[in-house]
Amino acid sequence: MEGEVRLLLYFDCYATLGQRPMKPRRARWSTEHLLEDMDLAEISGALAVHGVAVHYDVIYGNNRLRQELSKAPERLFGVWCVVPIGEPGFFKTGEEMIGAMAEADIRAVRIEPGGFSLHPEVMGETFEVLQAHGVLTLLPAGWGGADLFSVFHELLSRYPRLPVLLTGLSWAHQRHVYRLMQLHENLHIEFSAYQVNRGVEKYTADFGDERLLFGTGMTEMSPGAARAYIDYAQIPEVSKRKVAGENLKRLLRGQGPEVAAQREGDPILIEAREGRPLSVPVIDAHAHVLHEGGQFAVSNQDARLMYDGDAEGMLEVNHWCGIDRIAMMSWNGPCCTDAQDGNEIVRRAAQRFGGEVLGLATIDPTHMTREEMEAEVRLRHVEQGFVGMKPYHRMGLRYDDDAFTPWWEFGNAHGLYALIHTMPYTGGVACVARLAERFPQVSWLIAHSGKSWAYAEEVAACIREHPNVYAELTYTAVTNRVVEYLVEATDEDHVIFGTDAPMRDVRQQLGWVLWADLPVEARKKILAGNFQRVLDRVALPGRPEEWTV
């Protein structure tokens, strides 16, 4: 970006505070937690709903929200949950609802799925009055079910002047959302879980910068993950300011925080908040790659867009934020069980980009004979220097199946690492523990260790018993404070940064670590140091010099 970078004012459009059912005991939830996390990630304000309004009663929960907002009125701004006008216990008329909102200075509503329909015969009066008064209306993607496009296309067409914000989208929704954005100028989106590779650049170029909002998903999701997507966005500075907070303030008719937040004394964050490539080493331990020119791939029968998902495109995004090296496996090898062709895609990427790309090989016993597997192991690891091993659950085998044993034995003899995505039918984390005992010279990285509190606890217990097991973090959930927990529950030497790019953008996964409440040295280890130690153990014969770590 040209010119001096001004401090961005971040105003979160998508936060929840208060009690919620099925909350893991370590998970954040209170107003005090929300404010602490906002301070940590330098977020000036948040538009928040009360969990009691979502999960119990809207009027009762909306009233509970008032006392929580009073704890920081210059930083917290309310959004009410609403249901169909005239329902028992709710407002009898639309104007009565609007009057109560005005009295409480509420300028946005959320309509949560809860036993009623969005059909005009049910919600028509509610939507009409919200449209008439230009009230920002937050609608979770869950309303769309299996046919997200049809549900929201009909609603947006029926109420073209209603400003709608879709929340909780996933990158799997891309084709639906992109077309909806093309058709409906009243549609807005936020990116807390919509972690589209190059998404903020693509959507700004195609739809402008006024319908994109900064949302975190707090208190459940990491706020640092959300802001890194904007900090490192390759869009004009004026557009960054709009997405970070100005668009939301405009939609709320001027309501919002006034001062950009900043804390001092963190050298990593000085670079991050200004969108400058990090000067500390960063290695991505978990990434895929598409074939040259690839833009999408199929997973579980869903065709998922991955803009510029080949090696050249991925490395460009890495350079924007300072990721120095990337450990790549193909997409079609593990996910589509086309192992040999996938390995060849990785080989071409590593050959073209040298030491910037580290190769992970996929070996698939369901499509390859024992002789073919042995030949592929020798070709990829010995002749071509692949440092990692990547089986996958879509092969339908337990990872301790005897068909994998020769590969694990080879890895044990040469200090390779294995990246393992566990599933119950592959033996789960317990299977990794057994393999770690049998093959102690293999470094076992458990993928997606940060996906939930329950999984993080299981992984941490495994690491405490097996020092050659590591927690690799990446997951769309970017579970709030789980990075800190994994360090506390194990140590700062067994947690490793990864992205799963290009399925999701690297920047949210990076921000999850950058803005974690950990000392600088601990974050440096997670970003590169711990994985570098894993790589230093690799001892392959005849390893090409240009691929030396």
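Just above sits the structure.
Throughout what follows, the structure given in this document is the object of discussion. Numbering of residues begins from 1 in every chain and follows the order in which that chain's sequence is written. This being a predicted model, a pLDDT of at least 70 is required before a residue's local features are given, and a value of 80 or more before pairs of side-chain atoms are given or counted; all residues contribute to the totals for chains, interfaces and linings. Only heavy atoms go into the side-chain values, all of them from the structure, while hydrogens and water stay out.

## Some thoughts on the overall build of the protein chain
Only DSSP runs of H or I reaching four residues or more are called helices, and only runs of E reaching two or more are called strands; each is numbered from the N terminus. The helix and strand tally for the protein chain stands at 20 helices and 19 strands. The reference for a compact globule is 2.2 Å times residues^0.38; the radius of gyration itself is calculated from the C-alpha atoms. A compact globule built from 549 residues should have a C-alpha radius of gyration of about 24 Å, and the protein chain, at 24 Å, falls within 12% of that. The dimensions of the protein chain, computed from C-alpha atoms along their principal axes, are 75 × 50 × 45 Å. The buried share of the protein chain, reckoned over its 549 residues, is 64%. What makes two residues a contact is simply this: any of their non-hydrogen atoms within 4.5 Å. The long-range fraction of contacts in the protein chain, counting pairs at least 24 apart against all pairs at least 6 apart in sequence, stands at 76%. We get accessible surface area from the Shrake-Rupley algorithm with a probe of 1.4 Å; when it comes to residues, only the shown protein chains can shield them. Within the structure as shown, the protein chain displays about 19,900 Å² of accessible surface, and the carbon and sulfur contribution to it stands at 50%. Three exposure classes are used, based on accessible area relative to the maximum for each residue type with a 1.4 Å probe and protein chains only: buried under 20%, partly exposed in between, and exposed over 50%.

## Brief notes about the sheet that holds strand S13 (residues 325–328)
Criterion used throughout: strands pair if DSSP finds at least two bridges between them. Strand order across the open sheet formed by eight strands is S10-S13-S14-S15-S16-S17-S18-S19, with parallel pairing between neighbours. A single partner strand is all that each edge strand has here, and the edge strands are strand S10 (283–287) and strand S19 (495–496). Strand direction decides the pairing type here: strand S17 (residues 443–446) and strand S18 (residues 469–472), joined by three bridges, are parallel. Of the residues in S18, the one forming a bridge with Leu445 is Tyr470.

## Things to note about the sheet that holds strand S7 (residues 164–167)
Within the open sheet, the six strands sit side by side as S4-S5-S6-S7-S8-S9. Their pairing is parallel. Every other strand in the sheet has two partners, leaving strand S4 (80–81) and strand S9 (212–213) as the edge strands with one partner each. In this structure, strand S6 (residues 136–140) lies alongside S7, joined through four bridges in parallel fashion. Bridge pairing in S7 links Leu138 to Leu165.

## Description of the packing of aromatic side chains
A pair of Phe, Tyr and Trp rings is counted when the ring centres sit within 6.5 Å of each other, with Trp represented by its six-membered ring. The angle between the planes then sorts it: under 30 degrees is stacked, over 60 is edge-to-face, the rest tilted. In this structure the tally under the stated criterion is 20 aromatic pairs. Centroid distance Phe191 to Tyr229: 5.3 Å. Interplanar angle 65°. Geometry classified as edge-to-face. One end of the pair, Phe191, is in the loop between strand S8 (187–190) and helix H8 (199–207); the other, Tyr229, is in helix H9 (residues 223–231), and 38 residues separate them in sequence. With respect to class, Phe191 is no different from Tyr229; both count as buried. Relative to Phe531, the ring of Tyr417 has its centre 5.1 Å away and its plane inclined at 90°; by these criteria the two rings are edge-to-face. Taken together, the residues span a long stretch of sequence, with Tyr417 in strand S16 (residues 417–420) and Phe531 in helix H20 (residues 520–536) at a distance of 114 residues.

## Considerations on the packing of helix H4 (residues 94–103) against helix H5 (residues 120–132)
Their axes nearest at 9 Å, the elements H4 and H5 cross at an angle of 50°. Classified by the interaxial angle, the pair formed by H4 and H5 is oblique. For the element pair H4 and H5, the recorded crossing hand is right-handed. Within the contact between the two elements, H4 uses Gly94, Glu95, Met97 and Ile98 and H5 uses Glu125, Val129 and Leu130. Of the residues that constitute the contact of H4 with H5, the class distribution is four nonpolar, one polar and two charged. Working convention: axes come from line fits to C-alpha atoms, limited for helices to the stretch in contact. Angles between N-to-C directions cover 0 to 180 degrees. We call two directions roughly parallel when the angle between them is under 35 degrees, roughly antiparallel when it is over 145, roughly perpendicular when it lies between 65 and 115, and oblique otherwise. Working rule for handedness: look at the near helix, and if it is turned counterclockwise from the far one by less than a right angle, call the crossing left-handed; if clockwise, right-handed. Classification convention: Asp, Glu, Lys, Arg as charged; Ala, Val, Leu, Ile, Met, Phe, Trp, Tyr, Cys, Pro as nonpolar; all other residues, Gly among them, as polar.

## Remarks on helix H16 (residues 428–438)
Along H16, the residues that are buried comprise Gly428, Val429, Cys431, Val432, Ala433, Leu435 and Ala436. Where the residues of H16 are buried, they touch helix H15 (405–414), S16, S17, helix H17 (453–465) and S18.

## Quick look at the state of the cysteines
Sulfur atoms of two cysteines make up a disulfide when they are within 2.5 Å. The final tally for this structure, using the stated rule, is zero disulfides. With no disulfide partner, Cys431 has as its closest neighbouring cysteine sulfur the one in Cys462, 10 Å distant.

## Topic: the environment of Leu138
Looking at the secondary structure, you find Leu138 in strand S6. Judged by its relative accessible area of 0%, Leu138 falls in the buried class. Sequence separation of Leu138 and Ile43 is 95 residues, and the distance between their C-alpha atoms is 20 Å. Setting aside its immediate chain neighbours within four residues, Leu138 contacts Cys13, Ala108, Val109, Arg110, Ile111, Leu165 and Thr167.

## Observations regarding the pairing of S18
Remark: a regular strand shows side chains that alternate across the two faces of the sheet. Side chains Val469 and Ala471 project from S18 onto one buried face, and the interleaved Tyr470 and Glu472 project onto a second face that is buried too. Regarding the hand of the β-α-β motif, the stretch spanning S17, H17 and S18 is right-handed. Pairing between S18 and S19: two bridges, direction parallel. Bridging across to S19, Glu472 finds its partner in Ile496. Considered for its hand, the β-α-β crossover made up of S18, helix H18 (residues 482–489) and S19 is right-handed. Call a crossover right-handed when, viewed with both strands pointing away from you, the route from the first strand across the helix to the second goes clockwise.

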